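# Inside the fold
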Amino acid sequence: MKWVSHIALTGMIAHAVTADPLAAAAAAVGAVIPDKIEGTPERIGWSAWRSRHRGWSHWPMLYLALIGGLMRAEKYFFYDEAFFHILIWLFIGAILHIAEDAVCGKVPGILPTQKIGVRLFTVGSFREYIFVLVCIVFIYVGQYLLRT
Ligand SMILES: [Zn+2]
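These numbers were taken from a predicted model, which means no experiment stands behind them.

### Section: unusual backbone geometry
A positive phi is found at Ala 19, a non-glycine position, where the angle reads about 60 degrees. Mapped onto the elements of the fold, Ala 19 is located in the loop between α1 (3–18) and α2 (21–30). Phi at Arg 54 is positive, roughly 55 degrees, even though this residue is not glycine. Note on placement: Arg 54 falls in the loop between α5 (46–52) and α6 (60–77).

This is how it looks when you write it as structure tokens:
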């Protein structure tokens, strides 16, 4: 997915779950972390980027371990609950990025060498934006139905 799609969908999901604009903003920033770590073909060269593409930077277990580590360290290091909350949603945003990439290609699964996913659309295609729009409508409708 393009970053605009990752940011919109991830921020929307986080806001739907938490109703917290800060969590939504943190998740939206986290939604670009895996690709930011990976680098761009312009910066690192096409062949280096191709070999890294959706590699360890897109391994969900890495972000789950970071969340687990943060939760264990919370009582020792995080006196400010809001800061801890932002970090957790940053990494949840990264996990959502990986899940979103898994519907337009393959990403690592339980093991970093395992590749899982489907290709429902091509990255940057019109179908991608329709997919994101449909997801956002589903989230809004789901929220509405849960509230009434
Ligand atoms: Zn990605």
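### So, helix α8 (residues 126–147)
In this model, α8 (22 residues) spans 32 Å end to end at C-alpha, consistent with the 32 Å of a helix rising 1.5 Å per residue. Residues of α8 that are buried: Glu 128, Val 132, Ile 136, Ile 139 and Gln 143. When α8 is viewed along its axis, its buried side chains cluster within an angular range of 70 degrees and face the same direction. Along α8, the residues that are exposed and aim more than 90 degrees away from the buried face are Phe 126, Arg 127, Leu 133, Phe 138, Tyr 144 and Leu 145. Where α8 is buried, its residues meet α1.

### Quick word on the coordination of the zinc ion
Protein ligation of the zinc ion involves Asp 35 (OD), His 58 (NE2), His 97 (NE2) and Asp 101 (OD), the donor distances falling in the range 2.0 to 2.2 Å. Viewed at the metal, the 4 donor atoms of the zinc ion are separated by angles of 86 to 173 degrees, and the geometry they form is irregular. Along the chain, the residues donating to the zinc ion are arranged with the sequence spacing D-x22-H-x38-H-x3-D. You can see His 97 and its partner Asp 101 sitting in helix α7 (residues 81–101), 4 residues apart, about one turn around the helix. We note that His 97, like Asp 101, is buried.

### Some remarks on the state of the cysteines
Tallied over the full model, the rule gives 0 disulfides. With no disulfide of its own, Cys 104 lies closest to Cys 135 among cysteine sulfurs, the gap being 11 Å. Its relative accessible area of 1% is what places Cys 104 among the buried residues.

### Observations concerning the packing of α2 against α7
Packed helices, taken two at a time, are described by the angle their axes make and the gap between the axes. As a packed pair, α2 and α7 sit with axes 7 Å apart at the nearest point and diverge in direction by 45 degrees. Judged by the inter-axis angle, α2 sits oblique to α7. When you trace α2 past α7, the crossing you get is right-handed. Side by side, α2 and α7 meet where Leu 22, Ala 23, Ala 26, Ala 27, Val 29 and Gly 30 of the first sit next to His 85, Ile 86, Trp 89, Leu 90, Gly 93 and Ala 94 of the second. Classifying every residue of the contact of α2 with α7 by side-chain character gives 9 nonpolar, 3 polar and no charged.

Conventions used here
Residues numbered from 1 in each chain as written. Predicted model: local features only at pLDDT ≥ 70, side-chain atom pairs only at ≥ 80, totals over all residues. Heavy atoms only, no water. Helix = DSSP H or I, 4+ residues; strand = E, 2+ residues; numbered from the N terminus. Expected span 1.5 Å × (residues − 1). Buried < 20%, exposed > 50% of the residue type's maximum accessible area, 1.4 Å probe, protein only. Arc of directions from axis to C-beta. Contact = heavy atoms within 4.5 Å. Donors = N, O, S within 2.8 Å, 3.2 Å for Na, K, Ca; no water. Tetrahedral: all angles 85-135°; square planar, octahedral: opposite > 155°, others 65-115°. Disulfide = S-S within 2.5 Å. Axes fitted to C-alpha atoms, helices over the stretch in contact; angles between N-to-C directions. Parallel < 35°, antiparallel > 145°, perpendicular 65-115°, else oblique. Left-handed = near helix turned anticlockwise from the far one by under 90°. Nonpolar A, V, L, I, M, F, W, Y, C, P; charged D, E, K, R; others polar.

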